[in-house]
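# Understanding the architecture of this molecule
Single-letter residue listing:
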Amino acid sequence: MVISALTPFYPWIKAFHVISVIAWMSGMFYLPRLYVYHCEVRPGSAESERFKVMERRLLRAIINPAMISTWTFGILLVLTPGVIDWSAGWWHVKLAAVILMSVLHGEFSRWRRDFLNDRNRRSARFYRIANEIPTVLMIVIVIMVIVRP
Ligand code: HEM
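Below is a summary of the structure that appears in this document. (Residues numbered from 1 in each chain as written. Predicted model: local features only at pLDDT ≥ 70, side-chain atom pairs only at ≥ 80, totals over all residues. Heavy atoms only, no water.)

## Focus on a nonpolar patch on the surface
Side chains of Ile139, Val142, Ile143, Ile146 and Val147 sit close together on the surface and give an oily, nonpolar patch of about 460 Å² of accessible area. Within the secondary structure layout, isoleucine 143 lies in helix α4 (residues 124–147). (Patch = residues over 30% accessible without salt bridge, like charges linked within 9 Å, V, L, I, M, F, W, Y side chains within 5 Å. Areas by Shrake-Rupley, 256 points an atom, 1.4 Å probe, with all protein chains shown as cover. Salt bridge = Lys/Arg side-chain N within 4 Å of Asp/Glu carboxyl O. Helix = DSSP H or I, 4+ residues; strand = E, 2+ residues; numbered from the N terminus.)

## Thoughts on the coordination of the iron atom of the ligand
Summarising the metal site, the iron atom of the ligand is bound by the protein donors His17 (NE2) and Lys94 (NZ), whose distances to it range over 1.8 to 2.1 Å. Taken together, the six donor atoms surrounding the iron atom of the ligand define angles of 83 to 178° at the centre, an arrangement classified as octahedral. Here the residue histidine 17 occupies a position in helix α1 (residues 10–38), and lysine 94 occupies one in helix α3 (residues 89–116), the gap between them amounting to 77 residues. An identical accessibility class is assigned to histidine 17 and lysine 94; each is buried. (Donors = N, O, S within 2.8 Å, 3.2 Å for Na, K, Ca; no water. Tetrahedral: all angles 85-135°; square planar, octahedral: opposite > 155°, others 65-115°. Buried < 20%, exposed > 50% of the residue type's maximum accessible area, 1.4 Å probe, protein only.)

## So, the layout of surface pockets
Size it by volume and the largest pocket reaches roughly 720 Å³. For the lining of the largest pocket, the secondary structure elements donating two or more residues are α1, α2 (46–78), α3 and α4. With eight residues, the single largest contributor to the lining of the largest pocket is α1. (1 Å grid on protein atoms, 1.4 Å probe; cavity = no way out; pocket = protein on both sides within 12 Å on 5 of 7 lines; lining within 4 Å. Points joined across faces, edges and corners; volume = space filled by probe spheres on them.)

## Overview of the site of the ligand
Around the ligand, the surrounding shell holds 20 residues, and the nearest of these are Tyr10, Lys14, His17, Lys94 and Arg148. Taking lysine 94, its side chain carries an N or O atom lying 2.5 Å from a nitrogen atom of the ligand. Arginine 148 has a polar side-chain atom sitting 2.9 Å from an oxygen atom of the ligand. For the ligand, the cavity whose grid points lie within 2 Å of the majority of its atoms is the largest pocket. (Near = heavy atom within 4 Å. Polar contact = N/O pair within 3.5 Å; in protein donor to acceptor, adjacent residues only side chain to side chain. Sits in = over half its atoms within 2 Å of the grid points.)

What follows is the structure, encoded as structure tokens:
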């Protein structure tokens, strides 16, 4: 299904897609870093309570809205005539990596709730490794959509 009325807005839709992507990725790179530092303070302490505020604001005010607008403008691009060839391998790899990024977003949100309830049992090392995953996915996605190998 395509919507021909979208064609004249294609450059604007793509610009807002990339703007949303930058906001989403900035939060996905920063939130697990906060979890690394949060692991190093005592539950119930003033520092821990401050990390809870920072994590809630980052997730609610930046990461969640940016993910929704990345998907919204991404789907509008898919619905724009002539933009996507569904037989193209690069598009399937991009879509798989984007779905993994969204699942990871959900995990970050679940981990925030564990910190919020002083229930976190994962180590700072766990979050350092988790911090690398959005970077690797982002590199795969950008190479797929621009180089189209
Ligand atoms: C969330 C779901 C997403 C959907 C449905 C989606 C879909 C699309 C589509 C259809 C295009 C247009 C391609 C064209 O103009 O030929 C596009 C462009 C682009 N997407 Fe996404 N995308 C999504 C997420 C992402 C993410 C997470 C990133 C980066 C981490 C990303 C990076 C880009 C870039 C850089 C472009 C511009 C490519 C160019 O100008 O050639 N997208 N996207």
